[in-house]
Amino acid sequence: MKAPASRARVDSRAKFTVRGWCFLAAAVVCLVLATWLGRKDVLALSLFLGMVPLLSSLAMWLVKPRVLLKRAVDPPLVTLGDAAQVSLRVRRRSAFPSRTRTSGDGSGAAAGDGTAPHDTAADGSATIPGHEDGATTPLGRRTASSSLRASDRAAVDVHEKVDPLLGRDQDVQVPVSGVPVSYTVRPRRRGIHELGPATVRVSDPFGVVSELLDVAERTSLHVAPDPEELTELGANFAHESGNDPSRRAQPQPGPDNVTTREYRHGDPMRRVHWAASAKHGELMVRQEDPRSTRRTVVVLDTVDQHWPGERVWAGVLESTEEFEWGVTAVASVVEHLTRRETVVYALDDQGRALPRGESEAGQLRDTAVTDDTATEVVHGLSRVALVPRPEPELADDPLAARLDREGLTHPVLLLTGTLSPAAARRYVRATEGTASRSVVMVVNPPLTRPESADVFEAAGWSVLLVSRWTDVDAAWHSLVGGGSLLAPPPPAPGERHLSMDEMKARTRGRTTV
């Protein structure tokens, strides 16, 4: 995801560098010596040393430096835990060329020096701009090419502000010739994370005056949740019955009723139809398996009032730890069911389709998710955010209208937080007539049973209470047998309290039902 070229604006006056102050100090010393010794040549040297930083400062003030900085993120969307590469390009437009820098220190490079500026990568290697399209070589090794121009070695210092959930702020030297310098970020939370703004330090040809330029442009990195693997035991959370409308009689699979299409990049290999591939001479995949007889409705509650836990930031999106757990659970359930020939209708609390890829929820009309589109839904969950809104009236409930309009009488799975009894009754009314109804309530500390759980149980729902430390697969496993409270075990007497990261690690193997 590239940001448009941004012209830096000057936010501070020119300042003398250490070298500039040394010039001025030497000028004062020479002036004193010239007065004491009566030497005109020392006086001329004093004037020269004093005029260099003063004239350079005047030139920086008259001719405003102009810097164009471009930032690119590859890929623009990653899954939680995966790495993304951020590239910075700088073009300087000024009447004065940049002071030449080398990759190690800040001193000027000789005309015949073959050293190029580099950026330290996460694996201890260095990206050499202009060398094999950004290939990395070990630190300290010089590039084999000796034909680099001086303009390729000229660089400016760039301080890049990075979201703390992506990594640390970066201080790099970027060539002014437009050759990119890259660094790696690895997100630690789902959401929309911003890179920038950046501060560019430019200096005069003598290096005695520097100016800080602020590039306010920001670039977004979308981070999708990482779906967890769910056990096969939890695949049939909807209770089967002979009149279950989620099951439809369809012909048995065979060579005459299998629809295939050509293989596209990203298609799972399990969908490859080898007989059709041998017949056509290219890879073919099943477009729709006749055994897809199950249909399920998954609803993610995005009402801000229903998630009252401690506020955290998912990049630029306000969230809670409980809501992040719910988003991960939705991604896991959607991917798990669609891989097992189940059509999932993924909705939010307003009856709108969950966002897919780069499409917003309001732009989507088709709510059905299959194995071909499950990845797009998981990617779209990077933009899901909490929205404060009042409870809708019974006659104007958009969720009930969507279910009624599309005839969605299939089993319903609702993921919500600690909502009020009135909000629970709203969901009960909206889903009347469905085959079966289950709800996963993510309870925030202290882990007490909310009154809304009784409302769901009284209406015949299967209620499961979990905490943000509960393993998603353990919750999925418990959903088959009905409602249970899943919580991390309390520390034993005398045992220290665990941090949240340690609690999550233990919960995966020790979750109790």
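Residues numbered from 1 in each chain as written. Predicted model: local features only at pLDDT ≥ 70, side-chain atom pairs only at ≥ 80, totals over all residues. Heavy atoms only, no water.

1. Details of the overall build of the protein chain
If you tally the helices and strands in the protein chain, you get 11 helices and 25 strands. Per-residue burial over the protein chain gives 51% buried out of 513 residues. For the protein chain, long-range pairs separated by at least 24 residues make up 69% of all intrachain contacts whose partners lie at least 6 apart in sequence. Split by element, the accessible area of the protein chain, about 25300 Å² in all, is 53% carbon and sulfur. (Helix = DSSP H or I, 4+ residues; strand = E, 2+ residues; numbered from the N terminus. Buried < 20%, exposed > 50% of the residue type's maximum accessible area, 1.4 Å probe, protein only. Contact = heavy atoms within 4.5 Å. Areas by Shrake-Rupley, 256 points an atom, 1.4 Å probe, with all protein chains shown as cover.)

2. Comments concerning the packing of aromatic side chains
The final tally for this structure, using the stated rule, is 3 aromatic pairs. Considering the side-chain rings of Phe16 and Trp21, the 5.3 Å spacing of their centres and the 75 degrees angle between planes classify their relative orientation as edge-to-face. Owing to a relative accessible area of 25%, Phe16 belongs among the partly exposed residues under this scheme. Ring centres of Trp307 and Phe323 lie 5.3 Å apart, and the angle between their planes is 80 degrees; this geometry places the pair in the edge-to-face category. Of the two residues, Trp307 sits in the loop between strand 18 (294-300) and strand 19 (311-314) while Phe323 sits in helix 5 (residues 321-339), which places them 16 residues apart along the sequence. Taken individually, Trp307 and Phe323 each receive the classification buried, so the pair is uniform in this respect. The positively charged end of Arg426 is found above the aromatic ring belonging to Tyr427, 4.7 Å away from the centroid. (Phe/Tyr/Trp six-rings, centres within 6.5 Å; stacked < 30°, edge-to-face > 60°. Lys NZ or Arg CZ within 6 Å of the ring centre and 35° of its normal.)

3. Some words on empty space enclosed by the protein
Counted by the stated rule, this structure contains 3 cavities of 30 Å³ or more. By volume, the largest cavity is sized at about 80 Å³. In terms of lining residues, the largest cavity is bounded by Trp325, Ala329, Val333, Leu413, Leu415, Val440, Leu464, Val472, Ala475, Trp476 and Leu479. Within the residue set of the lining of the largest cavity, elements represented by two or more residues are helix 5, strand 23 (412-416) and helix 10 (472-480). A breakdown of the residues in the lining of the largest cavity according to their chemical character gives 11 nonpolar, no polar and no charged. (1 Å grid on protein atoms, 1.4 Å probe; cavity = no way out; pocket = protein on both sides within 12 Å on 5 of 7 lines; lining within 4 Å. Points joined across faces, edges and corners; volume = space filled by probe spheres on them. Nonpolar A, V, L, I, M, F, W, Y, C, P; charged D, E, K, R; others polar.)

4. Considerations on the pairing of strand 13 (residues 191-203)
Of all 13 residues that make up strand 13, 10 are buried, and the element is covered over most of its length. Sheet topology places strand 10 (residues 155-162) next to strand 13; 5 bridges connect them, and they run antiparallel. In the strand pairing of strand 13, His159 is matched with Thr199. In this structure, strand 13 lies alongside strand 15 (residues 219-224), joined through 5 bridges in antiparallel fashion. Bridge pairing links Glu194 to Ser220 in strand 15. Where strand 13 lies against strand 14 (residues 209-215), 6 bridges are found, and the strand directions are antiparallel. From the neighbouring strand, Ala198 faces strand 14, where its bridge partner is Val215. Connecting strand 13 to the next strand, strand 14, in antiparallel fashion are 5 residues, including Gly207 with a positive phi near 75 degrees. (Pairing = 2+ DSSP bridges.)

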